[in-house]
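Letter by letter, the chains look like this.
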Amino acid sequence: MSKVIYKNLNTSPILAVNGAGVWLEDASGKRYLDTCGGVAVSSLGHAHPRIVAAFEREAKKLAWAHAGSFTTAAAEELAEQLVGASGGLARAQFLSGGSEVMELAMKIAYQYQCERGLPTKSTFISRRQSYHGSTLGTLSISGNAQRQSVFGPLLPPAEFVSPCYAYRELRVGESEEQYATRLAQELDDKINALGSENVAAFFAETVVGSTNAAVPPVPGYFRKIKEVCERHDVLLILDEVMAGMGRTGQMYAYADDGIVPDMVAVGKGLAAGYMPISALLISDRVHSVMAQGSGVLGNGQTHVNHPLACAIALEVQKVIAEENLLATVRTRGEQLRSWLRESLADVDTVGDVRGRGLFVGLEFVETRTGKEPFRGGGAYAAALKQEALKRGLLIYPGSGTVDGTHGNHVLFAPPFISSEAEVAEMVERFSAVVRAVGQ
Ligand code: PLP
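Only a predicted model underlies this, so the values are computations on that prediction, with no experimental measurement involved. (Residues numbered from 1 in each chain as written. Predicted model: local features only at pLDDT ≥ 70, side-chain atom pairs only at ≥ 80, totals over all residues. Heavy atoms only, no water.)

## Section: the nonpolar core
No. 1: Judged by nonpolar contacts, the single largest core of 94 residues is most densely connected at F202, I277, L340, F364 and F430.
No. 2: L104, L235, V286 and V304 belong to the second largest nonpolar core, which has 25 residues in total. (Core = buried A, V, L, I, M, F, W, Y, C linked by side-chain atoms within 4.5 Å. Buried < 20%, exposed > 50% of the residue type's maximum accessible area, 1.4 Å probe, protein only.)

This is how it looks when you write it as structure tokens:
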């Protein structure tokens, strides 16, 4: 009997023993084709020779050094690289996971307001149908009923506005521009109702990830949102823990939205799963207020700016740049979306195929024309996953797509190194899974 605590407390997961490229192998020798990078993590696949070599090289140098006393070349260079690509952010700190950097973003947002002499600016606004992490702080700003689970009573209060979810919420006759204006007005109204002297920050996933499967904003949405935030002196904090680091075909997904936020969080793909590492990038304005105020960041954790993790993340980022993988991500993403649409054109329960780059969502519906939320719930997601595993395919299905309760989806986030033939095989196998499970 295993001594490990699993997510599902009553069943053992598969024993994974090997990985090569986009394939994983279990202890019986069965191979699985990965359509989702685990959970949008494995952007370079497994056993990438440059990363393997980097481990050997870097582990010989330095495993760990306390960030209170030391910095390292790897942390400095990684920060330089991430800041340089950010379009205007100034500083970065590295932690171990997405929840940690989102929690740090919440703390810095409030510390910043306090150090400006505005301690009443303490309210956080987020969006329904979102996920920002598993700590009590980040869960409180996650508009995700499933993940909040029984913990509701423990969560600090937070405010919510509508997501930007054009497939379901764009009104008949409304243009995308009008829709973006309506959503920005909703945020404006919310801040006015709370009083801008009480609001610290607005949080959003640039492209929504696991909650409802790769939902991109409509053009102009974030420009209008940023304008509202600036007018009310509210920080705009983007969560790109899933969408960042090349997943959408840009280092930062917001590059396609024509804005730069006050802070951005990245994680999962930062070291492509070879190391648990995440980063929070902040603007010069936010950093300067704290630096010229107390001069001390009100957060400390053991593995801050972890030398080996930074070194591996740096090598991952170099591979992405030198192998021109952002362009590959855009091409493969187009292929994945168009092949999914083609191969499932005759399946009326496939309602929407969307996303950016290799961040692709498929939403199930009762009928394509009616768009009624699919009634399968968690049971359908589980059936898809089981059938896929049986057929040697790793997929990331979910339920509660529409409102936390109704709807089903699948999120695709394959490795950036997926070949055209591998993407075609993912689509072929997935199509067979959908047909085998039926409705
Ligand atoms: N933010 C987003 C958008 C995520 O998708 C996730 C994880 O799925 C998190 C935050 C939390 O990251 P982690 O699970 O690494 O703590």
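Next, the rest of the story.
## What about helix α2 (residues 49–59)?
No. 1: Listed in full, the buried residues belonging to α2 are I51, A54 and E58. On an axial view of α2, the arc spanned by its buried residues comes to 55°, and they lie on one face. Among the exposed residues of α2, those pointing more than 90 degrees away from its buried face are P49 and E56. (Helix = DSSP H or I, 4+ residues; strand = E, 2+ residues; numbered from the N terminus. Arc of directions from axis to C-beta.)

## Some remarks on the layout of surface pockets
No. 1: There is about 1800 Å³ of room inside the largest pocket.
No. 2: Lining the largest pocket are 47 residues, and of these K7, V39, K385, I395 and Y396 lie nearest its centre.
No. 3: The set of elements that each furnish at least two residues to the lining of the largest pocket consists of β2 (23–26), β3 (31–34), α1 (37–40), α6 (145–148), α13 (377–390), β13 (393–394) and β14 (396–399).
No. 4: In terms of residue class, the lining of the largest pocket is made up of 20 nonpolar, 21 polar and 6 charged. (1 Å grid on protein atoms, 1.4 Å probe; cavity = no way out; pocket = protein on both sides within 12 Å on 5 of 7 lines; lining within 4 Å. Points joined across faces, edges and corners; volume = space filled by probe spheres on them. Nonpolar A, V, L, I, M, F, W, Y, C, P; charged D, E, K, R; others polar.)

## Examining the sheet that holds strand β11 (residues 350–356)
No. 1: The sheet built from 4 strands is open, its strands ordered β11-β12-β15-β14 with antiparallel pairing. Among the strands making up the open sheet, the edge pair consists of β11 and β14. In this sheet, neighbouring strand axes are inclined to one another by 20° on average, regardless of whether the strands run parallel or antiparallel.
No. 2: Packed onto the sheet, helix α12 (residues 325–343) meets β11, β12 (359–364) and β15 (408–412) and runs at close to 175° relative to β11. (Pairing = 2+ DSSP bridges. Axes fitted to C-alpha atoms, helices over the stretch in contact; angles between N-to-C directions. Contact = heavy atoms within 4.5 Å.)

## Comments concerning the environment of S338
No. 1: With respect to the helices and strands, S338 occurs in helix α12.
No. 2: Overall, S338 belongs to the partly exposed group, its relative accessible area being 29%.
No. 3: When the C-alpha atoms of S338 and H132 are compared, they prove to be 29 Å apart, with 206 residues separating the residues in sequence.

## Some remarks on the pairing of β11
No. 1: For β11, the buried fraction is high: 7 of the 7 residues fall into the buried class.
No. 2: Here β11 runs beside β12; their pairing, made up of 6 bridges, is antiparallel. Across the sheet, V350 pairs through a bridge with F364, a residue of β12.
No. 3: Turn length for the β11-β12 hairpin, with the two strands adjacent in sequence and antiparallel, is 2 residues, and the turn residue G357 shows positive phi of about 55°.

## Some details on the pattern of salt bridges
Any two side chains of opposite charge can pair, given that their charged atoms come close.
No. 1: Scanning all chains against the criterion turns up 26 salt bridges.
No. 2: Note that R337 and E334 form a salt bridge whose closest N and O atoms lie 3.4 Å from each other. On the criterion of helical spacing, the pair formed by R337 and E334 is a turn pair, its members being 3 residues apart in helix α12. (Salt bridge = Lys/Arg side-chain N within 4 Å of Asp/Glu carboxyl O.)

## Focus on the packing of aromatic side chains
No. 1: Per the stated rule, a full pass over the model turns up 7 aromatic pairs.
No. 2: Ring geometry for F364 and F374: centres 5.8 Å apart, planes at 45°, overall tilted. Of this pair, F364 sits in strand β12 while F374 sits in the loop between β12 and α13, and the two are 10 residues apart along the sequence.
No. 3: Judged by relative accessible area, which is 0%, F364 ranks as buried.
No. 4: Geometrically, the ring pair formed by F374 and Y380 is tilted, given 4.6 Å between the ring centres and 55° between the ring planes.
No. 5: Here a set of aromatic residues connected by ring pairs shows up, and it is made of F364, F374 and Y380.
No. 6: The lysine or arginine in question, R147, covers the ring of Y131, its NZ or CZ lying 4.0 Å from the ring centre.
No. 7: Looking at K371, its charged tip hangs above the ring of Y167, at a distance of 4.4 Å from the centre. (Phe/Tyr/Trp six-rings, centres within 6.5 Å; stacked < 30°, edge-to-face > 60°. Lys NZ or Arg CZ within 6 Å of the ring centre and 35° of its normal.)

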